[in-house]
Amino acid sequence: MSDQGYIRYRILRIIVIAVGAIMLIRLFSMQIISDEYDAKATKNIVRIETEYPMRGEVLDRRGEYLVKSRVCYDVVVVHRELPKTGFDTVRLASILDITPEYLEKQLKKARQSPRAAILVVGYLSQENKLLLDEGGFKGFHTRFRTAREYPRKIGGNLLGYVSEVTDRQVDKWEYYEKGDYIGTNGVESAYETELRGEKGVSYRIYDSHGAVQGSYNDGADDILPVKGAQLTSTIDARLQEFAEELMVGKIGAVVAIEPSTGEILVMVSSPSYNPDLMVGRQRNNNYASMIHDMRQPQFNRAVKAKYPPGSTFKLVQGLIGLQEGVLHASDRYPCNMGFSYGSRKMACHAHSSPLDLRDAVAHSCNAYFCYVFRDMITNAKYGSVKEGVRVWNKYVDSFGFGRQLGTDFYGEGKGYVPTPEFYDKGYNERWNWGTVISCAIGQGEMGCTPLQMANLAAIVANRGYYYIPHIIKHIEGRDSIDRKFYERQYTLVDSIHFVPIVEGMWRGVNVAGTSGKARLEGWDVCGKTGTAENPNGKDHSTFLSFAPKNNPKIAISVYVEHGGFGASIALPIASLIEELYLTDTITRPQMVEEVLNYQPNYSRNYDAKQRKYDEERKKKAENKK
Amino acid sequence: MYSEYNISRRGSSTSLFGNVDRVALGIYIAIVLIGVMCITSASFDSETTNIFSFSHNYMKQLIWVGISSVMAAIVLLLDRRLFHMFAYPAYIFGILLLLCTLAFGTKVNGAKAWFELGSIRIQPVEFVKIATALMMARIMSDYAFNIKRLTDLIKIAVVIMVPFGIIVLQNDTGSGLVLGAFLFVMYREGLSKYIYFPILFTIVLFIAALILQPVIIFLALLVFFTLYSILKTGEFIGHIRFFFGIILGWLLLSTLTPLSGYVSLMIVCGIAIITLTALALKTHTMMLLWPIAMFFYAMVFVPTADTLFQHLEPHQKNRILTFVGLVDDPRNVGYNVNQSKIAIGSGGLFGKGFMEGTQIKYDYVPEKHTDFIFCIVGEEWGFFGSAIVVILYVSLIMRLMKMGERIKEPFGRIYCYSVASILLVHVIVNIGMTIGLMPVMGIPLPLMSYGGSSLLAFTILIMIAIRLDASTSERNLI
């Protein structure tokens, strides 16, 4: 018994030692050999969080805020983290400033993907965020955001807006993650990389209940977000607001440029919209109503529309003629209420005849520039009309037409200048100078953006060159903007040839001509009206101007669709803007009144289209039902 | 009695304390202190303000340490014979307490194993372990007791099974299984080793039945027993012929009849068993009967194991399934073990330092101050600390066994072995659970886990052993 007992004692001892040994080996392999658990332990407690920077703000040229940033929060919910016992939805809804029903709806949505952070509501103010934090609603988290604010409520199309990134954008750029915001349209889009700043990263320690317990590694691995750069725009907010006001009810665009720098002072696309509409919780509704508006408030006419330039294009025609030697400033052409060619006639209005170049500009004689254009493209030195048009194309291109100017603006349009190839195709290669003669006076196939027309005003003001128009003059933290904006872009026309044209524009305003109303005492305003025929209704009204004649400070182009004569509406608008810019005062309240009261009739085009569209939508909606 | 003589002669209690086993006492104190330290660490979080507040677990535990120290002193001062005398009343009292708990107890974590006395909660099962150990020692040390005799075996089986049954009814199976510790004691006391083989066999079969297809289990058993028989008899050709006969019969039956593979195998094996039994009886080769009986047992057990399993509580089922790897559920049952392993595994060589364990501090380890207290050692003191704790426990168990061997009379020896075995099972199950070697069973780590009744019960349990050993030492001194 004793012997057997002793043997068994030893066996049991071995078992106990074996148990200890197995445990030690297991502990050794877990704690020393394997590093799997280290990683898991860190993963348990550390959560990587994106720190969002403040989006950069935009100032106007005088230092006034065009776009301000305001702190706000997105509220997201992780359904899995919600307390099982329920919570006070009514109170939460009141903190979030939504109805309890809407909250329920969002929670139901979140239930579909219980582990993901689902957006409940955006644009929560800082005060309400504090209330939310105090309330200790488990499962609800906030994300830092910047909301945009517009003190003057101007420049909807100009400034663009900020919207959530699309899936495609997320795929395309590494920087963005789902739920991020990105600049869309306008300055927001063109200067996205400057405005957005750089996102930061923080490593936070969380306890098992989901409460933050501090930063990991004392924040040594954290990357602070970099605030977006502040931009200084070339826009004059006061002028922009005034121009937008004048354009109310009119469809068209206003662009004003400082000729000596190419800085865009005003850029109005009308109808415009209040940029605040694209911020906040009503954003989607507002956006939808804009989408269904046939006047297309979100279409930036100032840089995208293709308008026939009308008579304003005569300036270019005259300059090309002078440079090519087919025209001399003193040449006179007769005008008998128009220009007859073959069986057809290009009509003109009543004025004394014959006129020299200066007066032809001042009085905007159609016949004169038809002669100039005909003489140019049919000149024997080119060999054929086709080649003549090609040379003409080259000149027109140097004025910035038919191509992008290369501005810093988002979505700049090209306009359109017909080429010999275009006519070959359209007329089966059977065309002559008569076919293209309407180009002489900026009609026919010609299409220009209001920006290109304003640039033409700047070219004439500068007597032969321009600076690429741009909208941002300074970026915080940088010495200069892109070099190209400081370089003179010369046209193919020598400076000397601009003298009679400028003279004509001056006479048109100050002596006798179509632009008399644009006269500002002591400012030597130069201008050129344009009345563009179009197949959709009344003529488009346009006016191109700069002032003063020497050392011009502002060049402007106004375009009002179906506005009638150039002098009837485009001119007063341009003149008032010039006056405000040059003198800081408005001395002609009567004219302001007139402009505001002048409402072009769009019933035959836009309104008719809208009616049709609305009916179709209604039908579709009914069919769906 | 010698002891009576000794006590009256030596008189003072100080000399009695002088005879206690200092190693065992030292290890006991070390483990308790480590436990207090761990509970302190578990009690603090970022919101703790007043460190001396009695609402903190570690302050409560310190009070229990105080109570336990007093209790330890009392136990060490008691007359050795008292324990012998108290065995019956203590056991009966313990059983009554268990029954009362079953009737009026409080449910904690699904087990109705707690008794509330005012603000104090005690778990009677902790004290029942002492009573059962005393009872076992008392019965098995009787001069008329013979462990090889069936009636005596039944006697001790009843002593164990009565509390076990009540504990299982309380839904506290983990604590119940601790009573299995007495199998070690009985082994030391000469219980036939053949009893252990079926027990092991049953456990292996049970786990196999859960993991493997029955057909595979039986084929494996067939191979196993054929090899066993070949080795035992040295005969080869006949066994191989027999083995392939069964396989062939099985294949034929399962392909030619619509019977399933499993049923066919059962039929063939049944025929084989009957044939073999007849053969064995005829040729008087009784050695064959052993494997035949085992195989027959397996044939009965495997189908019933599944039924048995279905009768377990859902949480027990889940724990077992998770443990054997059939269910991968890191969110629920697996969560505790997963977090526990992460905490321990991330401890490294020297750990993250006192109160610096991130998994502990940020509450990722569940039940960190009770059942999973070993995680604190593992994370904050690393392999170094864990190894010390494991070695301390192993040393204490081995010291108790040594003390048992040292005590010449059976009562003391059996009692010491009982204590060692109970500690061993607790340590295996608890630490094994935290490092993923054992399924999750809610039993505390002796002397370390937070909880008054557990600390007090283990203190008494161990102190009685030390007291019994001390009297032996006194005797040896003379």
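How each quantity is defined
Residues numbered from 1 in each chain as written. Chains lettered and ligands numbered in written order. Predicted model: local features only at pLDDT ≥ 70, side-chain atom pairs only at ≥ 80, totals over all residues. Helix = DSSP H or I, 4+ residues; strand = E, 2+ residues; numbered from the N terminus. Rg over C-alpha atoms; globule rule 2.2 N^0.38 Å. Buried ≥ 20, exposed ≤ 12 C-beta atoms within 10 Å, placed from the backbone. Contact = placed C-beta atoms within 7 Å. Domains from an automatic or database assignment. Pairing = 2+ DSSP bridges. Expected span 1.5 Å × (residues − 1). Axes fitted to C-alpha atoms, helices over the stretch in contact; angles between N-to-C directions. Parallel < 35°, antiparallel > 145°, perpendicular 65-115°, else oblique. Left-handed = near helix turned anticlockwise from the far one by under 90°. Nonpolar A, V, L, I, M, F, W, Y, C, P; charged D, E, K, R; others polar.

Turning our attention to the overall build of chain A. Assigned secondary structure in chain A consists of 23 helices and 20 strands. The globule rule puts the C-alpha radius of gyration for 625 residues at 25 Å, and the 34 Å found for chain A is more than 25% above it. Structurally, chain A occupies a C-alpha span of about 145 × 55 × 50 Å along its principal axes. Split into buried and exposed, the 625 residues of chain A put 43% on the buried side. Partitioning the intrachain contacts of chain A with sequence separation of at least 6 by distance along the chain shows that 70% fall at a separation of at least 24.

Residue and element names in this part refer to chain B. Structurally, the position occupied by Met71 is in helix 4 (residues 57-77). What makes Met71 partly exposed here is the crowd of 17 C-beta atoms within 10 Å. Sequence spacing of Met71 and Met266 is 195 residues, and the spatial spacing of their C-alpha atoms is 60 Å. Contact partners of Met71, with chain neighbours within four places excluded, come to Leu456, Thr459 and Ile460.

Interface size is commonly expressed as the accessible area that is lost once the parts come together. On domain assignment, one finds that chain B holds domain 1 (3-198 + 354-470) and domain 2 (212-312). Computed over C-alpha atoms, the centres of domain 1 of chain B and domain 2 of chain B are 44 Å apart.

The next thing to look at is the pairing of strand 9 (residues 212-215) of chain A. All names here are of chain A. The pairing of strand 8 (residues 200-206) with strand 9 spans 3 bridges and is classified as antiparallel. Paired with Ile205 across the bridge in strand 9 is Gly214. From the end of strand 8 to the start of strand 9, which pair antiparallel, there are 5 residues, and Gly210 there has a positive phi angle of about 90 degrees.

Before going further, it helps to examine helix 19 (residues 450-462) of chain A. Residue and element names in this part refer to chain A. An ideal rise of 1.5 Å per residue puts 18 Å on 13 residues; helix 19 measures up with 18 Å between its terminal C-alpha atoms. In terms of burial, helix 19 is a largely internal element, 13 of the 13 residues being buried. One or two steps after helix 19, the chain reaches Arg463, where phi turns positive at roughly 60 degrees.

All names here are of chain B. Packing of helix 11 (residues 214-233) against helix 12 (residues 237-256) leaves a shortest axis separation of 10 Å and a crossing angle of 165 degrees. Between helix 11 and helix 12, the interaxial angle falls into the category roughly antiparallel. Along this stretch, helix 11 crosses helix 12, giving a crossing that reads as right-handed. Contact with helix 11, carried on its side by Leu222, Thr226, Ser229 and Ile230, involves His239, Phe243 and Ile246 of helix 12 and no other residues of that element.

Okay, the interface of chain B and chain A next. Contacts between chain B and chain A engage 36 residues on the former and 32 residues on the latter. Elements represented by at least two residues in the side of chain B that touches chain A include exactly helix 9 (182-188), helix 16 (333-345), helix 17 (358-361), helix 18 (374-406) and helix 19 (410-434) of chain B. Here the element with the most residues in the side of chain B that touches chain A is helix 18 of chain B; it accounts for 12 residues. Residue composition of the side of chain B that touches chain A, by class: 21 nonpolar, 11 polar and 4 charged.

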